[in-house]
Amino acid sequence: MDPNRTVANAKQNRRDFIHHSASAGLTLSLPWVVPASALGLSGQVAPSERITLGVIGIGPRATYNLQAMLNLPDIRCVAIADVSAARREAGKELVDKHYGNKDCRVYRDLRELLDRRDIDTVMVATGDRWHATASIMAAKAGKHVYCEKPCGLTIALCQEIARVFRETGKVFQAGTQRRSVPNFQYAVELARSGKLGKIHTLYASVYEPLLMNDWLPREKTPPKEVLDWNLWLGPAPWRPYNQAYVQGQWRGQWDFDSGARLLDWGAHTVDLCQWAIGADDTMPVEYEPQKGRIVCRYANGVQLILEFLKTPFGDRSPQFITRLGTCPVRFVGDQGWVETGDEGEIEVHPPSLKSEIPEKVKRIKGLDVSAHARNFFDCVRHGGQPVANAETMRHSHIACHAAAIAWILDRKVRFDPQTVSFPGDEEANLLRSRPLRDPFEGV
């Protein structure tokens, strides 16, 4: 594949090619055998109709996502960028094995991948520190973006993502895939149906917040071609290399993580709560940390309660039913409630509503990304906004960040969704952003 040839320019059909070749005096030897895959036969998609995909960051979550995307017949993964040689080679092996060839290109520097004009879409699945910067770079390079959550380390970065995608017209899908999973969709539908009465309280499970900024001991920095530590840090402040960071111990670190860990689950659960009450275009106006929770209030009086869960599978708040799995949410009205989680089960009150739940809504669990990816690629192909677009992400992510700021300050804060600020609160407003390092300094 020519890296400088756009997919749009590649859509020259066979008839046009034959006509052009004949007029140019070229000799065609007949019969001319064309592979079925080139014509889109045998259930395959013709190359001119494929959407090309590049991957930026190929850790465990990206691998899970990519396995689902590879199974979409009109998607073709052509490149992987990762600062770790081992990870990018493992990604290439996965892709090449799926297609039965050796065509997947690998890059240490994401800029080389973004320079390829034949790539239509990218999946950004680095650590949190890179999500916003890589997504913005991709949009400016003309790519549509599927970005793992949390999409921005700060309120300011979430704002910037929305602005850039609005201006470029590129499609953005946040990796909050529970919007596309049947049991969560049904719970939201039930909350909005009126069968639970007027919804007055929403419960979103989140990790217990954690705030650290201690440096691990310095270790010898690997050669750049083995692991590019400078590019791993990216926009985050510099600190000495330690292998544990690369293996996941960046989580909970202020320099690398989002909102004191609140967005690890909150990016999903707060997003679902906002959707359940039709609040995708706004966010709560008040945030108050309490023991084991943060209580948030919308302008219309509805409460959003972020319940702390110490671990993914245990030490649950009394508000949640353990067996419903990770990322549980509960929507409570004056005539009933509904709760669901990643195991796919749905609990409702009154019990009479149980018989109305279709069996099919339990078949796909909350981690499945297939439908969410399909929604993204369909919008790339046909236009329109995906279910977790940049504006929807902006509002739900900023709600989580505002809650985290209240927890960090250990006091109630008030927030204006229109100005995206804490009126008259200089201390809180300073936490809306943080300095960013030039991610390519010294490269």
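Residues numbered from 1 in each chain as written. Predicted model: local features only at pLDDT ≥ 70, side-chain atom pairs only at ≥ 80, totals over all residues. Heavy atoms only, no water.

Caption draft 1: Focus on the overall build of the protein. The helix and strand inventory of the protein stands at 14 helices and 14 strands. Considering the protein as a whole, with its 443 residues, one finds that 56% of them fall into the buried category. Partitioning the contacts of the protein with sequence separation of at least 6, the portion at a separation of at least 24 is 68%. Summing over all exposed atoms, the protein offers an accessible surface of approximately 19,600 Å²; the carbon and sulfur share of this is 50%. (Helix = DSSP H or I, 4+ residues; strand = E, 2+ residues; numbered from the N terminus. Buried < 20%, exposed > 50% of the residue type's maximum accessible area, 1.4 Å probe, protein only. Contact = heavy atoms within 4.5 Å. Areas by Shrake-Rupley, 256 points an atom, 1.4 Å probe, with all protein chains shown as cover.)

Caption draft 2: Molecular detail of the packing of aromatic side chains. Tallying each qualifying case throughout the model produces 14 aromatic pairs. A ring pair is formed by Trp215 and Trp238, whose centres lie 6.3 Å apart and whose planes are at 80°; its orientation type is edge-to-face. Of this pair, Trp215 sits in the loop between strand E7 (199-207) and helix H9 (229-233) while Trp238 sits in the loop between H9 and helix H10 (243-249), and the two are 23 residues apart along the sequence. On the basis of relative accessible area, Trp238 is assigned to the partly exposed category, the value being 42%. One cation-aromatic arrangement involves Arg76 over Tyr99; the distance from NZ or CZ to the ring centre is 3.7 Å. In this structure, Arg434 is placed above the aromatic ring of Trp254, and the distance from its NZ or CZ to the ring centre is 4.0 Å. (Phe/Tyr/Trp six-rings, centres within 6.5 Å; stacked < 30°, edge-to-face > 60°. Lys NZ or Arg CZ within 6 Å of the ring centre and 35° of its normal.)

Caption draft 3: Spotlight on the pairing of strand E10 (residues 303-309). The element E10 is extensively covered by neighbouring structure, given that six of its seven residues are classed as buried. Sheet topology places E7 next to E10; seven bridges connect them, and they run parallel. In the strand pairing of E10, Ala204 is matched with Leu306. Linking two consecutive strands that pair antiparallel, namely strand E9 (residues 293-297) and E10, is a turn of five residues; a positive phi of about 95° is found at Gly301 within it. (Pairing = 2+ DSSP bridges.)

Caption draft 4: The nonpolar core, seen in detail. Counting residues in each nonpolar core, the largest one holds 97 residues, and the members touching the most others are Phe172, Tyr287 and Phe331. Sorting elements by how many residues they give to this core places helix H13 (residues 390-409) first, with 11 residues. If near-sequence neighbours (up to four positions away) are discounted, Tyr287 is found in contact with Val295, Cys296, Ala399, Ala402, Ala403, Ala406, Arg411, Lys412, Val413 and Phe415. (Core = buried A, V, L, I, M, F, W, Y, C linked by side-chain atoms within 4.5 Å.)

Caption draft 5: Representation of the pairing of strand E4 (residues 121-124) within the structure. Residues Thr121 and Met123 of E4 are buried on one face, and the alternating residues Val122 and Val124, pointing to the opposite face, are buried as well. Two strands pair when backbone bridges link them, and strand E1 (residues 51-56) and E4 are joined in this way by four bridges, in the parallel orientation. Note that in E4 the partner of Gly54 across the bridge is Val122. Where E4 lies against strand E5 (residues 144-147), four bridges are found, and the strand directions are parallel. Residue pairing for E5: Val124 is matched across the bridge by Cys147. Taken together, E4, helix H6 (residues 128-140) and E5 form a β-α-β motif whose crossover is right-handed. (Right-handed = clockwise from strand over helix to strand, strands pointing away.)

Caption draft 6: Region of interest: the environment of Arg381. Assignment of secondary structure puts Arg381 in helix H12 (residues 370-382). In this structure Arg381 comes out as partly exposed when scored by relative accessible area, which is 29%. For Arg381 and Val171, which are 210 residues apart along the polypeptide, the C-alpha to C-alpha distance reads 9.9 Å. If we skip the residues at most four places from it in the chain, Arg381 touches Glu49, Arg50, Ile51 and Asp74.

Caption draft 7: Quick look at the pattern of salt bridges. The final tally for this structure, using the stated rule, is 30 salt bridges. In this structure, Glu160 engages Arg163 in a salt bridge whose closest nitrogen and oxygen atoms are separated by 2.5 Å. Placement of both Glu160 and Arg163 in helix H7 (residues 155-168) is noted, with a separation of three residues, approximately one turn of the helix. For Glu160, a relative accessible area of 25% gives the class partly exposed. A salt bridge links Glu167 to Arg163, with the nearest nitrogen and oxygen atoms 2.7 Å apart. (Salt bridge = Lys/Arg side-chain N within 4 Å of Asp/Glu carboxyl O.)

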